[in-house]
Amino acid sequence: MSINLQGLAIGLFLTLISAFSAHAAASCGDNSGKAASGEPIIIGAITGKTGPDDFSNSTKAAKAYFDCLNANGGIKGRPVKYIVEDDQWNPEIAAQLAAKLVNDEKAVLMVGNSSFVECGANADFYKKSGILVIAGVGVPRECYFAENYAPTNAGPRVSMLGAMGYALDKLKAKSVVCIGPNIPNVGTWSCDGIAQLAKEKGLTAETILMDPGTADSTSTILQAAAFKPDAIILGLPKGVTVPLLTAAEEQGLNKTIKFLSAASAYDLSVPGTIGAGWDGNFTVNMEFNDLEAATPDNQNWLAVMDQYGQKSDPRDTFAQAGYLAARIAEKALMTLDPAKVNRETASAAVRQIKDFKSDIFCAAWYFGDGQQRHNANSTTRMAVSEGGKWKVVSDCAPSPDPELKDIHAFEKSAGIN
């Protein structure tokens, strides 16, 4: 009996420890536990929530962090009023929402944006309006070639080329097929990078662009397989990627072709969803740290999501991006006199961010004052689906994207990274 009681006591103790660890206190603002009550600081965001896929995870995480910040003193006593709008994957709606947030709501910053169409619709408007965007998830080329728009993520092209580098170096692929979305300056831009790198290496690359809203997964996969590639590299939303993998497995292609993806497929639910048939053969790029990394800031992100987000909010790479965007905005705004926070002062403060460090990033993030374009995050990791989970299979490595030469030159001249 004593042995059983002792075992019961140990089990109870371990349960309590586990419960405590799972609910570690989130750290935000001044950690005072005192709610901010001053005049709100307006921050806006535009995301693609309704459409071919729900792409709003970045803004969900940014909202969770701002809620945590507001519960702990806000920006020197002033709460953040975070207004998120859904562009429905429609450029015209995205433009209307930007005008509403910037002109009507008087937002001082845009933070956590995540959209397939918003950058192209609004980049020029943001510059003319003198407002900066600390985006969570940049997707089209315009997100990385705009003076006032700086994403925290690496972007689909840099991420896909990170996967391409792994396919060439580690999987010894000699021929690849790039499958991207038929969205202006997204699929073509990314797959052109794959083709450019393949040409430089003396290898072959083919491109398939598909409509994410009306995709026929089986026909797309069979079209890709007809090229007889060593590897297929995907650059699509998770909701489109999973059906493609299902179709590939039905054709037995998971046994003959290596499959890789940009970070859009790096979600904790994916390995269990696609199943054991993909163990060791679906490798994805990670724009940030391991989603379950035991590092301090990554654990704080999870704690913020647990305590201030919804249980249904995904804990994925895009949520990490939104958390980081909110943290960067907080750092910039905390340098200001709270009575003098406006669009001009907020923009100036963001431009001075040169070395934002987080264990979620591989390298320090910076805005790049004076830069005509921004792509601070270009060093990434890789993970493979195995046993219903992701297994990290590479250390931080720079993307081999040939288009990053100007970014690397700026970093060298500015003594960054």
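Residues numbered from 1 in each chain as written. Predicted model: local features only at pLDDT ≥ 70, side-chain atom pairs only at ≥ 80, totals over all residues. Heavy atoms only, no water.

**Structural notes on unusual backbone geometry**
For Lys76, which is not a glycine, the phi torsion comes out positive at approximately 50 degrees. Among the secondary structure elements, Lys76 is positioned in the loop between helix H2 (57-70) and strand S2 (80-86). (Helix = DSSP H or I, 4+ residues; strand = E, 2+ residues; numbered from the N terminus.)

**Examining the confidence of the model for the chain**
Considering every residue of the chain, the mean pLDDT works out to 92; 94% of them sit at 70 or more. Below pLDDT 50 for its whole length, residues 1-21 participates in zero contacts with residues either more than four positions away or in separate chains. (pLDDT = per-residue confidence, 0-100. Contact = heavy atoms within 4.5 Å.)

**Structural notes on helix H7 (residues 217-225)**
Given 3.6 residues per turn, any residue in an α-helix points the same way as the ones three and four places further on. For H7, the full list of buried residues reads Ser217, Thr220, Ile221, Ala224 and Ala225. End-on, the buried residues of H7 take up no more than an arc of 135 degrees, which puts them together on one face. Of the residues that open H7, the one with a side-chain oxygen 3.3 Å from the backbone nitrogen of Thr218 is Asp216. (Buried < 20%, exposed > 50% of the residue type's maximum accessible area, 1.4 Å probe, protein only. Arc of directions from axis to C-beta. Polar contact = N/O pair within 3.5 Å; in protein donor to acceptor, adjacent residues only side chain to side chain.)

**Quick look at the sheet that holds S2**
Taken together, five strands build an open sheet; the order of strands is S2-S1-S3-S4-S5 and the sheet is parallel. Where the open sheet ends on each side, the last strands, each with one partner, are S2 and strand S5 (149-151). In this sheet, neighbouring strand axes are inclined to one another by 25 degrees on average, regardless of whether the strands run parallel or antiparallel. Where strand S1 (residues 41-47) lies against S2, seven bridges are found, and the strand directions are parallel. Its bridge partner being in S2, Thr47 is matched across the sheet by Asp86. Sheet contacts for H2: S1, S2 and strand S3 (109-111); angle to S2, the most-contacted strand, approximately 165 degrees. (Pairing = 2+ DSSP bridges. Axes fitted to C-alpha atoms, helices over the stretch in contact; angles between N-to-C directions.)

**Focus on the packing of aromatic side chains**
Throughout the structure, instances matching the rule amount to 16 aromatic pairs. Here the aromatic residues Phe259, Tyr266, Trp278, Phe282 and Trp390 are joined through ring pairs into a cluster of three or more. The aromatic ring of Phe145 is capped on one face by Arg373, whose charged end is 4.1 Å from the ring centroid. (Phe/Tyr/Trp six-rings, centres within 6.5 Å; stacked < 30°, edge-to-face > 60°. Lys NZ or Arg CZ within 6 Å of the ring centre and 35° of its normal.)

**Digging into the pairing of strand S10 (residues 282-286)**
Here S10 lies mainly inside the structure; five of its five residues are buried. Of the two faces of S10, the one lined by Phe282, Val284 and Met286 and the one lined by Thr283 and Asn285 are each fully buried. Here S10 pairs with strand S11 (residues 379-386) via four bridges, running antiparallel. When the bridges of S11 are listed, Asn285 appears paired with Met382.

**Observations concerning the side chain of Glu411**
Positionally, Glu411 belongs in helix H13 (residues 405-414). For the buried Glu411, which has no salt bridge, the nearest side chain bearing the opposite charge is Arg373, at an N-O separation of 9.4 Å. A polar contact is formed between the side chain of Glu411 and the side chain of Tyr366, at a distance of 2.8 Å. (Lys, Arg positive; Asp, Glu negative; His and termini not counted. Salt bridge = Lys/Arg side-chain N within 4 Å of Asp/Glu carboxyl O.)

**Brief notes about the packing of helix H5 (residues 156-169) against helix H6 (residues 187-201)**
Where H5 contacts H6, the two axes come as close as 8 Å, and the packing angle between them is 35 degrees. Where H5 crosses over H6, the two elements pack in a sense that is right-handed. Contact residues: H5 offers Pro156, Arg157, Met160, Leu161, Met164 and Leu168, while H6 offers Trp189, Ser190, Asp192, Gly193, Ile194, Gln196, Leu197, Ala198 and Lys201. Split by residue class, the contact of H5 with H6 holds nine nonpolar, three polar and three charged. (Left-handed = near helix turned anticlockwise from the far one by under 90°. Nonpolar A, V, L, I, M, F, W, Y, C, P; charged D, E, K, R; others polar.)

**A word on the pattern of salt bridges**
By the definition in use, this model includes 17 salt bridges. Here Arg141 ties to Glu403 by a salt bridge, and the two come within 3.9 Å at their closest N and O atoms. Here Arg141 is found in the loop between strand S4 (133-135) and S5, whereas its partner Glu403 is found in the loop between strand S13 (397-398) and H13, with 262 residues between them in sequence. We classify Arg141 as partly exposed; its relative accessible area is 31%.

**Regarding H6**
With 15 residues, H6 should reach 21 Å at 1.5 Å per residue; the first-to-last C-alpha distance of 21 Å fits that figure. Buried within H6 we find Gly187, Trp189, Ser190, Cys191, Gly193, Ile194, Leu197 and Ala198. On its buried face, H6 sits against H5, strand S6 (175-181), strand S7 (204-210) and strand S8 (231-234). (Expected span 1.5 Å × (residues − 1).)

**Describing the state of the cysteines**
Applying the stated criterion across every chain yields a total of four disulfides. Each disulfide pairs two cysteine sulfurs, and for Cys119 the partner residue is Cys143, the sulfurs being separated by 1.7 Å. The S-S bond linking Cys119 to Cys143 shows a torsion near 75 degrees; that makes this disulfide right-handed. Taken together, the residues span a long stretch of sequence, with Cys119 in helix H4 (residues 118-129) and Cys143 in the loop between S4 and S5 at a distance of 24 residues. Here Cys119 matches Cys143 in class, with each residue buried. Between Cys178 and Cys191 runs a disulfide, and the two sulfur atoms are separated by 2.0 Å. Of note, the bridge from Cys178 to Cys191 carries an S-S torsion of about -75 degrees and is left-handed in sense. Of this pair, Cys178 sits in strand S6 while Cys191 sits in helix H6, placing them 13 residues apart in sequence. (Disulfide = S-S within 2.5 Å.)

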